[in-house]
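Now for the letters of each chain:
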Amino acid sequence: MASLVRHSSSLRKVTPEVVSCVQRLLADRQYEMEFHGFLTNHAKHAVIALAGLGASPARIEEYWNSYTSETPYGIRLDPSSTPKDSVVINQDNWIDYVGKKKHFEDMRSFFSAEHSRLGTQETLRQYAPTLLPGSMGALTHAIIHVGWALDAQHTDMTVEGLTYLAYTFVDIHPERFQKTSAESENKDKSSLQSLVRTASECVEHNMESWTQDVLSAEKYSAAAGFHPELASTGLQFKLAKVMEEGHHVLYDIPLWMESLPLDDVLQQLYRAAVLLYLETTGIPEDPKHGNFFVLHLITSLWGLENVIIELPADQQRLALKVFWVGMKAMLIASGRGLPPPASLEKLSIFENEYDNQTRSTSLPIDMDRDAWSWDNSVSRGMLEVEEHNIKLVYVCRDLWERYDKWTGFRVAAALFTETPHVG
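These numbers come from a predicted model, not from an experiment.

1. Re the pattern of salt bridges
A full pass over the atoms with the stated rule returns 18 salt bridges. Note that glutamate 114 and arginine 117 form a salt bridge whose closest N and O atoms lie 2.8 Å from each other. Taken as a pair, glutamate 114 and arginine 117 lie in helix α4 (residues 104–131) at a separation of 3 residues, close to a single helical turn. Residue classification places glutamate 114 among the buried residues on the basis of a relative accessible area of 4%. In this structure, arginine 197 engages glutamate 201 in a salt bridge whose closest nitrogen and oxygen atoms are separated by 3.1 Å.

Shown next as structure tokens:
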């Protein structure tokens, strides 16, 4: 079974001055990993994405100073603090602290020592298989953090990301996954077809009502002892409940995930994440801003890819299944659910559209004009305050270059999201 291979990143093309600036900022420990109780510090992600887009050291520093003074939410980061209590975490007991959201610095010390002992690849091979089933915790921000650190080849941030992955672990229960029924196997030739089928099943099984029952169940309350550390986190708590309860619609694994080569599976997942994001913009009729949470599916898959590159092929495939199931769980937990089948089917206009070929369909809007160009998206991205948009452009451009210039990547990169209000 062929494993995934590492693709060249835009970060390999930056100047020594940019490398020096990025490496210094990624090593910074002035601020906590989380702030305002449950929000993730994204400053380092933006540094990496800006560098990949070609920003100067001055622009990268400017963004860092702005974000660390006040985030786009209008909330300041929490400064690093000395832990009030400390424990010794080692190879014998580390698993006892996974998912507890306690003792971050002690867990960091443990992973730092393990990295010094084993190196990057062996540390990932030793610990990632246990941690990846919990990578939907913190709404995928931990897998983003460690994966983007690996993209930047930064040891301290990699250790920090692994620590965060353990700290925020919420189990998705891969042991429950199941292959698509034989009746459906011949219908799903792509991730879009699988999404349409899943959306129909959500309607058939009244997943909206099921979700409401799960979210209000007493057994999934903090008072009952269910993830009390997540009680004030909103969607994170809802997602934990949905993943713990589980449903066969979530656990369905389409045939193409079992049969296609791993790089084709990865490409199908990137397409699924991009198409789901595009659906939230209202495209093709009247495109507007994309959904903030759905955007994370694109950037977290990029993070996951950078982690699993170091793993054996069978573990890579399992990790991609975790993403597929987690993607559905996040949409359902958010209250959005999967888009209606008819809305997803409209996106089939993108299926065979590539910018290096003659258009195969008549797209309802002119997606070749300057507003949709890479020059425009990159220029806008480098000036952005909302770091999620910087990452969106960075990832989509690299994927566009990798996967035959598929039009969907370019169009998604031009449709920015808006910073949500955080109470």
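What follows picks up the thread again.
2. Considerations on the side chain of asparagine 306
The residue asparagine 306 is located in helix α14 (residues 292–308) in this model. At a separation of 3.1 Å, a polar atom in the side chain of asparagine 306 contacts the side chain of arginine 6. Here tryptophan 302 takes part through its backbone oxygen, which lies 2.9 Å from a polar atom of the side chain of asparagine 306.

3. Side note on the nonpolar core
Nonpolar side chains in soluble globular proteins tend to end up buried together. Membership of the largest hydrophobic core comes to 148 residues, with the highest contact counts inside it found for Ile60, Phe111, Leu131, Leu132, Leu278, Leu320 and Trp324. In contact with leucine 132, not counting residues within four places along its chain, are Ile143, Leu165, Leu304, Val307, Ile308, Leu311, Ala319 and Val322.

4. Some remarks on the packing of helix α8 (residues 191–204) against helix α13 (residues 262–280)
Two numbers describe how α8 lies on α13: the axes approach to 8 Å, and their chain directions differ by 55°. Taken together, the axes of α8 and α13 are oblique relative to one another. Every residue of α13 that contacts α8 at Ser191, Leu192 and Leu195 is listed here: Gln268, Arg271, Ala272, Leu275 and Leu276. Across the contact of α8 with α13, the residue classes tally to 5 nonpolar, 2 polar and 1 charged.

5. Describing the packing of aromatic side chains
Applying the stated rule across the entire model yields 23 aromatic pairs. Aromatic side chains phenylalanine 104 and tyrosine 167 sit 5.2 Å apart centroid to centroid with 85° between the ring planes, which places their arrangement in the edge-to-face category. A residue pair is termed long-range when its members are at least 10 positions apart, and phenylalanine 104 in helix α4 and tyrosine 167 in helix α6 (residues 155–167) qualify at 63 residues. When sorted by exposure, phenylalanine 104 lands in the same class as tyrosine 167, which is buried.

Rules used throughout
Residues numbered from 1 in each chain as written. Predicted model: local features only at pLDDT ≥ 70, side-chain atom pairs only at ≥ 80, totals over all residues. Heavy atoms only, no water. Salt bridge = Lys/Arg side-chain N within 4 Å of Asp/Glu carboxyl O. Helix = DSSP H or I, 4+ residues; strand = E, 2+ residues; numbered from the N terminus. Buried < 20%, exposed > 50% of the residue type's maximum accessible area, 1.4 Å probe, protein only. Polar contact = N/O pair within 3.5 Å; in protein donor to acceptor, adjacent residues only side chain to side chain. Core = buried A, V, L, I, M, F, W, Y, C linked by side-chain atoms within 4.5 Å. Contact = heavy atoms within 4.5 Å. Axes fitted to C-alpha atoms, helices over the stretch in contact; angles between N-to-C directions. Parallel < 35°, antiparallel > 145°, perpendicular 65-115°, else oblique. Nonpolar A, V, L, I, M, F, W, Y, C, P; charged D, E, K, R; others polar. Phe/Tyr/Trp six-rings, centres within 6.5 Å; stacked < 30°, edge-to-face > 60°.

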